[in-house]
Amino acid sequence: QGAATKERERVEKLFVEASEVLATFQKEVAGFIEDGERSMLGEAEADLRWKEERRAKLAQCKQNLENVPSTDTIYFLQEFQALKVAMEENLSPTLSFQNELNFTKCTQAVGAMKDVLSAACKKQWDHLQGKGIDGLSLQETEEGLCSPHPSARRSPRHRPSSPLAFIVDLDSDTADKFIQLFGTKGAKRVLCPIPYPESPTRFINCEQVLGVNLMNRGNYYWEVEIIDGWVSIGVITEDFEPQASYNHGRLGRNKYSCCLQWNGQNYVVWFGGFESVIQQPFFHTIGVFLEYSEKALTFYGVKDSKMTCLRQLKVSHSATDQTDPFHGKIRYHLASLFSCKLKPAFFLESVDAHLQIGPLKKDCVSVLKRR
């Protein structure tokens, strides 16, 4: 009884300290958002005041010019010169809004902290109960995964021979001029073009950007957060055509790429110009699992470290619906993708489209490794 009392007191003390740490973090994040909001509003207000003052000055010059008697040429020229000088004054500096991504970064940071905390709590609870090190039972590893043939699933002890968790960094040399990059993980479609340097791999007709690293064998898994807008996520071959027209250069509309599209209402898989609609609710996090060994590309909806298979595209020679052009395209042409080196690819379709790469949820990686 004495040992239990001491243990209870220690546990209560540790929980109090943990709560204080979380409260401090919450206060810091809230202050971070407020500081960013205050900075952006201050910059916007200063710019607005400058423009209002300039507009008033121009209006006054215009009024003075209109009031000049038609017979007074010299006075007219003086007022006209004053208006010309006022119009040629330098414009105010372009708004920088350096902290534009702070708010979504806060969401990412707090979400990552929540996931880590949840995983740690689960792991330690399993440890107290004497379960395995990762706390995942066989039933949990199979939950949410999809395969065309249940018998084809590998043993839960099998692990791919190559790395599974794939680190995706966006390639600035491929980004279309209407895509603004935030480091190597964030991308947002904007209205004003960005003066990127010329590059032979830069998209010029489609608002797309690629990942840096190539994939050519083994299995790869990465996750993408859809923050806003219409976004397509997929893969493209190394020998893609960045100068292709809009209709032929978009992901999934050609033989070089395949993607999952969110169009604001539902998900759609595109390949070779053919589409297949998916009836699933919206997921902020999309997981992409590319298996060279199985010649399969699977898209998952990820929420709270649980995975829902949205669609799996797999090379198969079995009979399919001959009346469905999408399935026919998959059957006869998908294999050509796996004969090439591939890159992660992203298409920001709407002007407000915004995405962020990762971070990976470790539970999902553990589940896929045990397939």
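The residue count restarts for each chain, going from 1 along the sequence in the order it is written. Only residues with pLDDT of at least 70 are given local features in this predicted model, and only at 80 or more are side-chain atom pairs given and counted; all residues enter the totals for whole chains, interfaces and linings. Working from all heavy atoms in the structure, the side-chain values ignore hydrogens and water.

### A look at the nonpolar core
Then, in step 1: Counting 44 residues, the largest nonpolar core has M215, W222, I286, L290 and F346 as the members making the most contacts within it.
Then, in step 2: Residue contacts follow a heavy-atom distance rule, with two residues in contact if any of their heavy atoms lie within 4.5 Å. The residues touching W222, leaving out its near neighbours within four places in the chain, are F166, V168, M215, G234, V235, I286, G287, V288, L290, P344, F346 and L360.
Then, in step 3: For our purposes a nonpolar core is just a set of buried Ala, Val, Leu, Ile, Met, Phe, Trp, Tyr and Cys residues, chained together by side-chain atoms within 4.5 Å. Remark: exposure states derive from per-residue accessible area (1.4 Å probe, protein chains only) relative to the maximum for the residue type, with buried under 20%, exposed over 50%, and partly exposed in between. F203, L251, W270 and F347 belong to the second largest nonpolar core, which has 10 residues in total.

### What to know about a nonpolar patch on the surface
Then, in step 1: Two joining distances apply to patches: 9 Å for like charges and 5 Å for nonpolar side chains (Val, Leu, Ile, Met, Phe, Trp, Tyr), and every residue must have over 30% relative accessible area and no salt bridge. Per-residue and other accessible areas were derived by the Shrake-Rupley procedure at a 1.4 Å probe size, with only the shown protein chains allowed to occlude residues. Should a side-chain nitrogen of Lys or Arg be within 4 Å of a carboxyl oxygen of Asp or Glu, the pair is scored as a salt bridge. On the surface, F76, L77 and F80 cluster together into a nonpolar patch covering about 280 Å² of accessible area.
Then, in step 2: Every helix listed is a DSSP run of H or I at least four residues long, and every strand listed is a run of E at least two residues long, numbered separately from the N terminus. With respect to the helices, strands and loops of the structure, L77 is situated in helix α2 (residues 73-87).

### Quick word on helix α6 (residues 325-337)
Then, in step 1: Multiplying one less than the number of residues by 1.5 Å gives the expected span of a helix. In a regular helix each residue adds 1.5 Å, so 13 residues correspond to 18 Å; α6 covers 18 Å between its end C-alpha atoms and thus fits that length.
Then, in step 2: Of all the bends in α6, the greatest, near 45°, is centred on R331.
Then, in step 3: Among all positions in α6, only F326, K329, I330, L334 and L337 are buried. The bend at a residue is defined as the angle formed between two axes, one fitted to the seven residues ending at that residue and one fitted to the seven starting there.

### Observations concerning unusual backbone geometry
Then, in step 1: Notably, K295 is not glycine yet its phi reads approximately 50°, a positive angle.
Then, in step 2: The class for K295 is partly exposed, based on a relative accessible area of 36%.

### Thoughts on the pairing of strand β8 (residues 274-278)
Then, in step 1: In terms of strand pairing, strand β7 (residues 267-271) meets β8 through five bridges, oriented antiparallel. Within the sheet, the bridge partner assigned to V268 lies in β8 and is V277.
Then, in step 2: Pairs of strands are assigned from DSSP output, requiring at least two bridges between the strands. Counting the residues that bridge the hairpin from β7 to β8 gives two residues, and of these G272 lies at a positive phi of roughly 60°.

### Here's the deal with the pairing of strand β12 (residues 342-348)
Then, in step 1: Where burial is concerned, most of β12 is hidden: seven out of the seven residues are buried.
Then, in step 2: Residues L342, P344, F346 and L348 point to one face of β12 and K343, A345 and F347 to the other, with burial holding for every one of them.
Then, in step 3: Across three bridges, the pairing between strand β3 (residues 208-210) and β12 is antiparallel. The residue bridging L210 from the neighbouring strand is A345, located in β12.
Then, in step 4: Strand direction decides the pairing type here: strand β5 (residues 231-237) and β12, joined by seven bridges, are antiparallel. Looking at the pairing, I233 lines up with F346 of β12.

### Some words on α2
Then, in step 1: For α2, spanning 15 residues, the distance from its first C-alpha to its last is 21 Å, which sits close to the expected 21 Å at 1.5 Å a residue.
Then, in step 2: What α2 keeps buried is the set E79, L83 and A86. Mapping the buried residues of α2 onto a view down its axis gives an arc of 60°, with all of them on the same face. Set apart from the buried face of α2 by more than 90 degrees, the exposed residues are T73, I74 and L77.
Then, in step 3: Buried positions along α2 lie against α1 (2-66). Working definition: the arc comes from the directions between the helix axis and the C-beta atoms, pointing outward to the latter.

### Section: the packing of aromatic side chains
Then, in step 1: Geometry of aromatic contacts follows a simple scheme: Phe, Tyr and Trp rings, the Trp one being its six-membered ring, pair when their centres are within 6.5 Å, and the pair is stacked under 30 degrees between planes, edge-to-face over 60, tilted otherwise. The final tally for this structure, using the stated rule, is 10 aromatic pairs.
Then, in step 2: When the ring of W262 is compared with that of F282, the centres are 4.7 Å apart and the planes differ by 45°; the resulting orientation is tilted. With W262 in strand β6 (residues 257-262) and F282 in the loop between β8 and β9 (285-291), the pair connects residues that are 20 residues apart, well separated along the chain.
Then, in step 3: Overall, the relative accessible area of 10% leaves W262 in the buried class.
Then, in step 4: One aromatic cluster is present, built from ring pairs that chain together F166, Y220, W222, Y292 and F338.
Then, in step 5: Ring-over charges, as used throughout, are those where CZ of Arg or NZ of Lys falls within 6 Å of the ring centre and within 35 degrees of the ring normal. Across the ring face of W270, the terminal group of R253 is positioned such that the distance to the ring centre comes to 3.8 Å.

### With respect to the confidence of the model for the protein
Then, in step 1: Mean pLDDT over the protein works out to 81, with 82% of the residues at or above the 70 mark.
Then, in step 2: Per-element confidence in the protein ranges from a low mean pLDDT of 34 for helix α4 (residues 138-142) to a high of 97 for β3.
Then, in step 3: The predictor reports its confidence for every residue as pLDDT, a score running from 0 up to 100. The model gives residues 132-163 a pLDDT under 50, and that stretch makes 55 contacts with residues more than four places away or in other chains.

### Some points on the pattern of salt bridges
In a structure, side chains of opposite charge can pair up when their charged atoms sit close to one another.
Then, in step 1: Tallied over the full model, the rule gives eight salt bridges.
Then, in step 2: Of the charged contacts in the structure, one is a salt bridge between E7 and R10, with a shortest N-O distance of 3.9 Å. In this pair, E7 and R10 are both assigned in helix α1, three residues apart and thus about one turn of the helix distant.
Then, in step 3: For E7, a relative accessible area of 45% gives the class partly exposed.

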